[in-house]
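Summary of the model geometry
Chain by chain, the residues run as shown.
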Amino acid sequence: MEIGNKILELRKKCGFSQEQLAEKMEVARQTISKWELGETSPDIAQAKKLSSIFKVSLDELVNNDVKDIVVEKVSNIEKLAGMIIFIIKLGIGLYIGMIIIAILSAIFFHIPNSNISNKITNESQATYVEE
């Protein structure tokens with residue numbers, strides 16, 4: 001729908017005549033007629049004033065479909081959030097894995113060393129007694 005048709009639709013919905021809308025807009029009635037016929041279009045300041053009078057956004061006034069943009073942005077945010085959650089889970093998994101490796105290393109490498117040192121101590125004591 002062209003902006004002219006939208007102005008016509010919103011004007012009728014609000015119950016304004018072309019003359020009444022022209023008075024609110026501080027323009028000639030012919031200007032409103034030209035907008036509605038699509039011969040001319042309001043400038044941005046006039047469009048802002050129309051959106052205020054009709055209590056609609058500029059996007060709605062010009063039929064700018066922002067739903068697709070919003071859906072795309074939400075979709076991108078969801079993808080980013082999913083990636084961040086994956087990275088956090090991966091980091092936590094690696095951290096836990098390192099802790100488990102450290103604990104297992106301490107268990108497996110510390111106990112055999114103490115057995116070896118006990119053996120060495122016992123052997124040296126045994127050789128000392130024999131002499």
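Scope of this entry: the structure provided in the associated data block. (Residues numbered from 1 in each chain as written. Predicted model: local features only at pLDDT ≥ 70, side-chain atom pairs only at ≥ 80, totals over all residues. Heavy atoms only, no water.)

1. As for the overall build of the chain
Helix and strand counts for the chain stand at six helices and zero strands. If you list the helices and strands of the chain from N to C, you get α-α-α-α-α-α. Burial analysis of the chain (131 residues in total) assigns 18% to the buried set. Carbon and sulfur atoms make up 62% of the accessible area of the chain, which amounts to about 10200 Å² in all. (Helix = DSSP H or I, 4+ residues; strand = E, 2+ residues; numbered from the N terminus. Buried < 20%, exposed > 50% of the residue type's maximum accessible area, 1.4 Å probe, protein only. Areas by Shrake-Rupley, 256 points an atom, 1.4 Å probe, with all protein chains shown as cover.)

2. A few points about unusual backbone geometry
Look at E26: it is not a glycine, yet its phi comes out positive at around 60°. Relative to the helices and strands, E26 is located in the loop between helix 2 (18–25) and helix 3 (29–37). For E26, a relative accessible area of 67% corresponds to the exposed category. Its identity as a non-glycine residue notwithstanding, K55 has a phi of 55°, on the positive side.

3. Thoughts on the pattern of salt bridges
Side-chain pairing between opposite charges can occur once the charged atoms of the two side chains come close. Enumeration over the complete set of coordinates arrives at three salt bridges. A salt bridge links E26 to K49; its shortest N-O distance comes to 3.8 Å. Separated by 23 residues along the polypeptide, E26 in the loop between helix 2 and helix 3 and K49 in helix 4 (residues 44–54) bring together distant segments of the chain. (Salt bridge = Lys/Arg side-chain N within 4 Å of Asp/Glu carboxyl O.)

4. A word on helix 3
Along helix 3, the residues that are buried comprise I32, S33, W35 and E36. Down the axis of helix 3, the buried set is contained in an arc of 160°. They therefore lie on one face. Looking at the buried side of helix 3, the elements it contacts are helix 1 (3–14), helix 2 and helix 4. Count one or two residues on from helix 3 and you reach G38, which has phi positive near 80°. (Arc of directions from axis to C-beta. Contact = heavy atoms within 4.5 Å.)

On their own, these measurements won't tell you what the molecule is for.
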